[in-house]
Amino acid sequence: GVHRKPSLLAHPGPLVKSEETVILQCWSDVMFEHFLLHREGTFNDTLRLTGELHDGVSKANFSIGRMTQDLAGTYRCYGSVPHSPYQLSAPSDPLDIVITGLCGKPSLSAQPRPMVKAGESVTLSCSSRSSYDIYHLSREGEAHELRFPAVPKVNGTFQANFPLGPATHGGTYRCFGSFRDSPYEWSDLSDPLLVSVTG
């Protein structure tokens, strides 16, 4: 907490398919000499890299190679300045790295239909015969996802409904399923669903 926190980003993104590579980039406008990357819950998984200067920003790229369940989790990074290696910055905001594609994809549908009039309410339903505990809904171009618990249905599926409210603009949506005891391991993503708004 000696210096203000750096920022932590994932390239190409925090949702990573099994066996794909993700780069975690720690950066700051404070001229840190070293950056440390730490995964929550593990004491031996702290990586240390020398910062590089680019356009007044110091940064380090940590390659988290060939994604497996063991590498998924919550990461934070810290910075240290020259001659003070034991004085670390405040931690970055947490970044969840999730592995996807380990289970079958759910289905995504729209009620009453995927093409609605402006102001008409629309609800997206994510469902599967796999007994997922939680469903995650993401909209293309947005970083954050919605999540709702799955509910068993009489037809043998497990479903969650995402009420989007009165439609104002469309978008492409996908959903994932996950289990409570492995929150960083998600299903394959559903087929995309385009919601369009007319009028």
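Residues numbered from 1 in each chain as written. Predicted model: local features only at pLDDT ≥ 70, side-chain atom pairs only at ≥ 80, totals over all residues. Heavy atoms only, no water.

An unreviewed UniProt entry lists the chain under the name Immunoglobulin domain-containing protein, with Homo sapiens as the source organism. According to its UniProt record, the chain has this under Subcellular location (unreviewed entry): "Cell membrane". Recorded in UniProt for the chain, the comment headed Sequence similarities (unreviewed entry) runs: "Belongs to the immunoglobulin superfamily." (UniProt positions renumbered as here; feature names shortened; annotations may be inferred.)

Caption draft 1: Looking closely at the pattern of salt bridges. Enumeration according to the criterion identifies 9 salt bridges in this entry. In this structure, Asp-93 and Lys-5 form a salt bridge, with 2.7 Å as the shortest nitrogen-oxygen distance. One end of the pair, Asp-93, is in the loop between strand E8 (73-80) and strand E9 (95-100); the other, Lys-5, is in the segment before strand E1 (7-11), with 88 residues separating them in the sequence. Classification of Asp-93 as partly exposed rests on a relative accessible area of 45%. The exposure class assigned to Lys-5 is partly exposed, which follows from its relative accessible area of 43%. Here Lys-105 and Asp-191 are joined by a salt bridge, their closest N and O atoms 2.8 Å apart. You can see Lys-105 sitting in the loop between E9 and strand E10 (107-111) and its partner Asp-191 sitting in the loop between strand E18 (182-186) and strand E19 (193-198), a full 86 residues away along the chain. Looking at Lys-105, the relative accessible area reads 45%, which means it is partly exposed. You can call Asp-191 partly exposed: its relative accessible area is 46%. (Salt bridge = Lys/Arg side-chain N within 4 Å of Asp/Glu carboxyl O. Helix = DSSP H or I, 4+ residues; strand = E, 2+ residues; numbered from the N terminus. Buried < 20%, exposed > 50% of the residue type's maximum accessible area, 1.4 Å probe, protein only.)

Caption draft 2: Region of the structure containing the packing of aromatic side chains. In the structure shown here, the tally under the stated rule is 5 aromatic pairs. Judged by centre distance (5.7 Å) and plane angle (80°), the ring pair of Phe-32 and Phe-35 falls under edge-to-face. Here Tyr-132 and Phe-179 contribute two aromatic rings whose centre-to-centre distance is 5.1 Å and whose plane-to-plane angle is 45°, an arrangement assigned as tilted. Placement of the pair is Tyr-132 in the loop between strand E12 (121-128) and strand E13 (134-139) and Phe-179 in strand E17 (residues 171-179), with a sequence separation of 47 residues. The exposure class of Tyr-132 is buried, given its relative accessible area of 1%. Accessibility expressed as a relative area gives 24% for Phe-179, which makes it partly exposed. What links up through ring pairs into an aromatic cluster is the set Tyr-132, Tyr-135 and Phe-179. (Phe/Tyr/Trp six-rings, centres within 6.5 Å; stacked < 30°, edge-to-face > 60°.)

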